[in-house]
Each structure stands twice: as C-alpha cells, then as structure tokens.
Amino acid sequence: MTDWPDEWFREGAQQAGVNQPGEVRAPAAQAPTAQASAPPGGATPGSADPTDRLAARPAESGPPGGPGGPGGPGGQSLWPAQPATRTARGLHLGGPGAGWRRWLRPRPILAVVAVLASLGLIAAIGGYFYLDSQLKRVSALAASPATAGQNWLITGSTGHLTKHQIVRYRAGFNFDTLSDTILVLHVPASGRPTLVSIPRDSYVDIPGHGMNKINASYVFGGPTLLVRTVQNATGLHIDHFVQIGYAGLVNVVDAIGGVSVCLPGPVVDPKAGIHLHKGCQDLSGKEALGFVRTRRFALGDLQRVQDQRILIKAMLSKMTSFGTLVNPFAIFPAASGSVHAIEVDQGTSLYQLIHLAFALRNPVTTTVPFGGFADNAAGAVVLWNASRAHRMFYDLAHDKPLPKGLITGSRISPTA
C-alpha cells in the first residue's frame, strides 16, 4: 500500500517511452549518440523511476509546478498532487470558513464576554441610580434615644385611590391618611430579624392627643406622629420608615407574577372582594390585597396581622429569589413597580431597601402580646398585655432573642 496515486509511475513511463500494458507504441527514434541522450547526473534514459527524471532535470528559475520548476512542461508536475494543508482539527487553513472560525478562538470569545459584562455592569449601575432617584421620600423620623440594632417601621395605607380603584379594590372609602397595617422589623447586629405586628386598633397614648387607636396618629399627624407614637409605646428607636399603598401592593404582586399561598380552608369575604378556595394557589394583586384586608375571622384583626406577615414574606421571598434576580424581564418590572409603590423617609436609600427585602425573607414573626378587647370612647380597641409587651420590646432594644413564649408565629386561618 502507498499514499501515492496509482498513476504516478505511468506519467514518468509515458514520458520515458515505456509501453503500458495493452498499449502499442511506435519505436522511438534512435538517439544520435549515447552521450548526447544521457541526461546530466547520470540518469538512465527512459528510466521508469520518476525520481530519476526529477534528479536529472536541470534546476531553473521559476515557480514550482510551472515552466522551469520541478514540474513538467505546462506546469504538470511529475509528483502526485498533495492534499491541502489542514489544521490539527482537520480544517482547511484559509478556506471559506476561516473568517468565522477565528471568532471561536479563546481571545475573541473572551473579548466578547468582557464587552457584554461591561455593558451589563453599566446598565446595572445606571438602573440603580435611576430607581433610587424615583423613590418618594417624606419627612417621617423623629428623635428618640438610640437602641441596639436597626428598626424599620413598615406601614400599609389606602393611599391615593381613584374612583375606579375604590370600586375595584372594594375600598369603600378614600382616606389618604388611614394606616391599615403597622409592623416593626428589628434587624439585630447578628441573628435573625424579628417582625412584630401592632394591631391597628391598639389602644395607646398618642403624643399631644391622649389615648386613642394607634392608627389615629397617622390621621392626626401623618408619618412623623405615627413614628413618635410607636417609639413612645415600644421604647424602640425607629431608624427607617416605609409605607406602601393599596394600589402599590397590587402593582408589585402583579409585577412578580403573583404570590403563592396555601390555605387550610376557604377565605371568603365579599366586603374585601375575595373568594379563595382551600389549597395552594397563586394570588393576583387584587386577590392579595383582599387577603390582607379581610378581618372576617374569629380573632378579627389579630388574624389579619398574621396574614399580612405571611403575604409580605411570600412576596419578598419571590422578589429576591435566584430566578427573579437573574431574569431582567422579571427583576426590572418588580423593582420599578416597588419603588413607585412606596414612600420612605429622607435618609433611606435603595441599597438599604434591598437589605430590607432580604431581611423580610425569613424573619421571626410575632404580634404584640394581647391583653384583651375593650369598648370605649375610641370604639372597639385592642389592649396589650403590658408586662409581656414591656419584656418583648426590652429584649429587642438590647438585641436579645425573644423567648419562645413571646413568639406567636404566623398561621393562615379560614374565614368564619
């Protein structure tokens, strides 16, 4: 076996006058003299070995394979045609696909990745400052003695509703100064955060207005008076204030594609506009709003505050999930919807709100110790267990974990 073509010897033989099998040729003319017919280098005339003929040809100038080169007359080489030069992977160098194959080399790929990463970083930085500039900031904080850790006052209000939204959300009113949800998130220097619900009908002292329901402080003096009232009642210094309205909650939930909850039984309340069945399901923004508004339970507002904590945890867990964070088509609408749905104090930045979101993913949840219900000049009110409430807020103010007896947790209950 040989790599040379089968006809390589015939080319030399034909030029040397050697008959091929089955071929009849006329006798060649006799050379005048042996010396004249002998080629330089002593090659034998008519030799069948093409290498003898190659060795016998005089070296002349010219390109290989052309006249005067190693090839014969007319550029026909005595050597067999050689395969095209190939790379280690069998690709023809300089062939039709060589251009795009250069982009498959490590350096061009790394360059493309670096450019895309730079553009992504620029977009992320630009998006951060844009969203931070869109936050609505209000004067809310009030002076008080500092306490350990960091405390956020999180409130939910009816917000500014249009007539269409009042009907759609079954609000039944349009008070811009009604605080429907009041929570305190304590973030310690180390350990899990604690989320404490304060029932909106809690009977407390409002600075300058005497004893009343705690949400009345928002009506009397807006966010600042609410902050002062919470600080006086709990002994905790409030470092940050966040408020979200009805419409904002609906928009955020819809922006993240709904939130999942598992109900142990039906939750039905025509006044809140919801009819939820037993089992796990995804709530739309409108359904989520009705879920946290309904008080159609045996414990009334005490159950509602638990539902509010459950929804907040579900919402923030989804917003900060890996699938949402790496999906620009999910995180940008959710982030944009969130910053346009909330109000914060003057000193709160978007960076701090991101920390808040992660802190709300899995906090310890509880409610101010319950001391009973009462009816007085303020209406039907919720009383605190004074001694247990003092112990709870003392421990939080000193960054101590709460004893199990003060942790109520959060559980969903079907409507009565």
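The present account deals with the structure reproduced in this document. (Residues numbered from 1 in each chain as written. Predicted model: local features only at pLDDT ≥ 70, side-chain atom pairs only at ≥ 80, totals over all residues. Heavy atoms only, no water.)

A positive phi angle, close to 60 degrees, is found at D399, a residue other than glycine. Structurally, D399 is set in the segment after α14 (386-397). Exposure remark for D399: the relative accessible area of 25% places this residue in the partly exposed category. (Helix = DSSP H or I, 4+ residues; strand = E, 2+ residues; numbered from the N terminus. Buried < 20%, exposed > 50% of the residue type's maximum accessible area, 1.4 Å probe, protein only.)

Attention now goes to the sheet that holds strand β12 (residues 342-345). Within the open sheet, the seven strands sit side by side as β1-β12-β7-β2-β3-β4-β13. Their pairing is mixed. The outermost strands of the open sheet, each flanked by one partner alone, are β1 (136-138) and β13 (364-367). The average angle at which neighbouring strand axes cross in this sheet is 25 degrees, direction not considered. Pairing analysis gives three bridges linking strand β7 (residues 240-245) to β12, with the strands arranged antiparallel. (Pairing = 2+ DSSP bridges. Axes fitted to C-alpha atoms, helices over the stretch in contact; angles between N-to-C directions.)

Let's shift gears to helix α7 (residues 216-234). The end-to-end C-alpha separation of α7 is 17 Å, well short of the 27 Å expected for 19 residues at 1.5 Å each. Where α7 bends most, the angle comes to about 130 degrees, and this point is G222, followed within four residues by the proline P223. A216, S217, Y218, G222, P223, L225, L226, V227, T229, V230, Q231 and T234 are the residues of α7 that are buried. Packing partners of the buried residues in α7 comprise β2 (150-157), β3 (179-187), β5 (203-206), β6 (210-213), β7 and α14. Positive backbone phi, approximately 80 degrees, marks G235, located one or two places after α7. (Expected span 1.5 Å × (residues − 1). Bend = angle between axes of the 7 residues up to and from the residue. Contact = heavy atoms within 4.5 Å.)

Counting across every chain of the model gives two aromatic pairs. Taken together, a centroid distance of 6.1 Å and an interplanar angle of 40 degrees make the contact between W384 and F393 tilted. F393 shares its class with W384; the two are buried. (Phe/Tyr/Trp six-rings, centres within 6.5 Å; stacked < 30°, edge-to-face > 60°.)

Before going further, it helps to examine the environment of Q306. Position of Q306 among the secondary structure elements: in helix α10 (residues 301-319). C-alpha of Q306 to C-alpha of S197: the two residues are 109 residues apart in sequence and 7.8 Å apart in space. If we skip the residues at most four places from it in the chain, Q306 touches G409, S410 and R411.

Moving on, we get to the packing of helix α8 (residues 246-255) against helix α9 (residues 285-293). The geometry of a pair of packed helices is captured by two quantities: the angle between their axes and the separation between those axes. Running from N to C, α8 and α9 cross one another at 130 degrees; their axes reach a closest spacing of 7 Å. Considering their axes alone, α8 and α9 lie oblique with respect to each other. For the pair α8 and α9, the sense of crossing is right-handed. Residue-level inspection shows Y246, L249, V250, V253 and D254 of α8 in contact with α9, the latter providing G285, K286, A288, L289, V292 and R293. (Parallel < 35°, antiparallel > 145°, perpendicular 65-115°, else oblique. Left-handed = near helix turned anticlockwise from the far one by under 90°.)

The next point concerns a nonpolar patch on the surface. There is a patch of nonpolar side chains on the surface, built from V112, V115, L116, L119 and I122 and spanning about 480 Å² of accessible area. With respect to the element layout, L116 can be found in helix α5 (residues 106-134). (Patch = residues over 30% accessible without salt bridge, like charges linked within 9 Å, V, L, I, M, F, W, Y side chains within 5 Å. Areas by Shrake-Rupley, 256 points an atom, 1.4 Å probe, with all protein chains shown as cover. Salt bridge = Lys/Arg side-chain N within 4 Å of Asp/Glu carboxyl O.)

With that out of the way, let us pick up the nonpolar core. One recurring pattern in soluble globular proteins: nonpolar side chains tend to sit buried together. Core analysis: the largest hydrophobic core is formed by 47 residues, its most contacted members being L185, F291, M315, L353, L356 and L360. Look past the residues within four positions of F291 in its chain and what remains in contact with it is L263, I274, L276, L283, D307, L311 and I412. Listed in part, the 26 residues of the second largest apolar core include A140, L226, V227 and I238. (Core = buried A, V, L, I, M, F, W, Y, C linked by side-chain atoms within 4.5 Å.)

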